[in-house]
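# A look at the structure
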Amino acid sequence: MQASRARLFKEYKEVQREKAADPDIQLICDDSNIFKWTALIKGPSETPYEGGVFQLAFAIPEQYPLLPPQVRFLTKIFHPNVHFKTGEICLDILKNAWSPAWTLQSVCRAIIALMAHPEPDSPLNCDSGNLLRSGDLRGYRSMARMYTKLAAMPKKG
């Protein structure tokens, strides 16, 4: 557990130092628990998520970085690889392809990349996956855009 605390503290210092380096990601450590983090990530440009800000919750195991963090979307998102109700993310690096070389920041980058390049063949959201698999890009994009506007964009007025 001491090694994971040291690693997380090192990552915390790096995040503080490099805030301006990656404007698409804002990682925030819980003040009272270094094993709980949240992130705000910007939807990638030229996707239905563009302009949205999505909140992620990180639960870090005591065996980190030997085991991956548990990450889920707190913001509702219409995406084939994200469970609509729970926010669970289907991403290989969070499961069997994890490596201790990954950091919380690089996990956020991988999630942003997944948002831009969904994998409809392993869906957690079957409705979204089916739209993409059937070639209905317009339907997928309009649904994803609608949920981005409803859940991930600041309300006007």
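What this report covers is the structure whose coordinates are included nearby. Only a predicted model underlies this, so the values are computations on that prediction, with no experimental measurement involved.

### With respect to the packing of aromatic side chains
What the rule picks out here adds up to eight aromatic pairs. For the pair Phe 78 and Tyr 140, a centre-to-centre distance of 6.4 Å together with 35 degrees between the ring planes defines the contact as tilted. Here the residue Phe 78 occupies a position in the loop between β4 (70–73) and α2 (104–116), and Tyr 140 occupies one in helix α4 (residues 137–152), the gap between them amounting to 62 residues. Each member of the pair, Phe 78 as well as Tyr 140, is classed as buried. Connected via pairs of aromatic rings, a cluster forms that spans Phe 78, Phe 84, Tyr 140 and Tyr 147.

### Remarks on helix α3 (residues 126–133)
Along α3, the residues classified as buried are Ser 128, Gly 129 and Leu 132. Relative to the axis of α3, the buried residues are bounded by an arc of 95 degrees and lie together on one face. Lining the buried residues of α3 we find α4. Its side-chain oxygen at 3.2 Å from the backbone nitrogen of Asp 127, Asn 125 defines the N-terminal cap of α3. Looking at the residues trailing α3, positive phi occurs at Gly 135, about 85 degrees.

### Focus on the nonpolar core
In this structure, Ile 41, Leu 56, Phe 58, Phe 73 and Ile 89 are the most contacted members of the largest nonpolar core, which totals 38 residues. When residues of this core are traced back to their parent elements, those giving at least two are α1 (2–17), β1 (25–30), β2 (33–42), β3 (53–59), β4, α2 and α4. By residue number, the principal contributor to this core is α2, which donates eight residues. The contact partners of Leu 56, leaving out residues within four places of it in the chain, are Trp 37, Thr 38, Ala 39, Ile 41, Val 71, Arg 72, Phe 73, Leu 74, Ile 89, Cys 108 and Ile 111.

### A short note on the state of the cysteines
As enumerated under the stated definition, the model contains zero disulfides in all. Looking at Cys 108, it has no disulfide partner, and the nearest cysteine sulfur is the one in Cys 29, 13 Å off. Cys 126 takes part in no disulfide bond, and the closest cysteine sulfur to it belongs to Cys 90, at a distance of 11 Å. When its relative accessible area of 45% is taken as the criterion, Cys 126 is described as partly exposed.

Quick notes on the rules
Residues numbered from 1 in each chain as written. Predicted model: local features only at pLDDT ≥ 70, side-chain atom pairs only at ≥ 80, totals over all residues. Heavy atoms only, no water. Phe/Tyr/Trp six-rings, centres within 6.5 Å; stacked < 30°, edge-to-face > 60°. Helix = DSSP H or I, 4+ residues; strand = E, 2+ residues; numbered from the N terminus. Buried < 20%, exposed > 50% of the residue type's maximum accessible area, 1.4 Å probe, protein only. Arc of directions from axis to C-beta. Contact = heavy atoms within 4.5 Å. Polar contact = N/O pair within 3.5 Å; in protein donor to acceptor, adjacent residues only side chain to side chain. Core = buried A, V, L, I, M, F, W, Y, C linked by side-chain atoms within 4.5 Å. Disulfide = S-S within 2.5 Å.

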